[in-house]
Amino acid sequence: MKRRSTLRALLLAAATGPMSVWTGTLRAQSARLPKIGYLLLGPLIEPPTRERQAFLDGLREFGYVPGKTIGIAYASAESAPEFLDAVCADLLKQNVDVIVASGAVTVLAAQKAIRTVPIVMLAVGDPVGIGAVRSLSRPDGNVTGVSFISSELAGKRVQLMKEISPAVKRIAVLWDARNENARFESKATLAAATKLGLKAESIAVANDVELTRAFDR
């Protein structure tokens, strides 16, 4: 899906989906600008990343101009997942009307810490698999948004690897231990490898040191 189309789908999901109740809240709060909380795991950089720029462009397409018709409160955990709980708490103190969370780690952290504010997810591979929503058609709760389901490609990736190197008998599956979506995809990859008669080892890494050790092995 193209970024612009993704942004349009995201905004429409927030406006017309299960979370549509928040639009009425925004209209009722005419005394102040409605505010979006933008939650990131990584650092906030300038110029904006392509993802964030697409988000800002999408807002303008729908007539929302940051600083004029809508406010945006950015909150970053500076690449440290252990800080996400505190970052989410800070967003709540800023009275945001909706939260945009990028990536599985931030979505799950926001879902855990925030129950009263709608959460719109970005860049999540399988929201059902990681437990962010109950189903794609009926997410329930306060989480909605868009996703790119890539776990279904696990089997194809392993198959292509086997075709490229037929002699391969053993593989290692490295994945980010801090990312629930990565955990889910690693399981799908291991299952696909087993079906092809490969011996597969799951290796979870949580930092650069563990990653270096995994490659040394």
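Residues numbered from 1 in each chain as written. Predicted model: local features only at pLDDT ≥ 70, side-chain atom pairs only at ≥ 80, totals over all residues. Heavy atoms only, no water.

Student: Tell me about the nonpolar core, residues and numbers included.
Tutor: Within the largest apolar cluster, 26 residues are counted, with the highest numbers of intra-cluster contacts made by L39, L91, I99 and V107. Of all the secondary structure elements, the ones that give two or more residues to this core are β2 (71-76), α4 (84-93), β3 (98-102), α5 (104-113) and β4 (119-124). For this core, the element with the most residues is α5, which contributes six residues. Excluding anything up to four places from it in sequence, L39 contacts A75, L84, V87, C88, L91, I99, V100, A101, S102, T106 and A110. (Core = buried A, V, L, I, M, F, W, Y, C linked by side-chain atoms within 4.5 Å. Buried < 20%, exposed > 50% of the residue type's maximum accessible area, 1.4 Å probe, protein only. Helix = DSSP H or I, 4+ residues; strand = E, 2+ residues; numbered from the N terminus. Contact = heavy atoms within 4.5 Å.)

Student: Any chance you could break down the packing of helix α6 (residues 154-164) against helix α7 (residues 180-195) for me, citing the residues and the numbers?
Tutor: Closest axis-to-axis distance for the α6/α7 pair is 8 Å, and the angle between their directions is 45 degrees. In terms of axis orientation, α6 runs oblique to α7. Like other packed secondary-structure pairs, α6 and α7 cross with a definite hand, here right-handed. Here A154, G155, R157 and V158 of α6 come into contact with α7, specifically with E185, A188, T189, A192 and A193. In terms of residue class, the contact of α6 with α7 is built from five nonpolar, two polar and two charged. (Axes fitted to C-alpha atoms, helices over the stretch in contact; angles between N-to-C directions. Parallel < 35°, antiparallel > 145°, perpendicular 65-115°, else oblique. Left-handed = near helix turned anticlockwise from the far one by under 90°. Nonpolar A, V, L, I, M, F, W, Y, C, P; charged D, E, K, R; others polar.)

Student: So what's going on with unusual backbone geometry? Which residues, and what values?
Tutor: Put simply, E46 and P47 share a cis peptide bond, and its omega is -5 degrees. With respect to the element layout, P47 can be found in the loop between β1 (35-40) and α3 (50-61). Even without being glycine, N95 reaches a positive phi, approximately 55 degrees. Secondary-structure assignment places N95 in the loop between α4 and β3. With a relative accessible area of 52%, N95 lands in the exposed category. One non-glycine residue, D140, adopts positive backbone phi at about 60 degrees. Classification of D140 as partly exposed rests on a relative accessible area of 35%.

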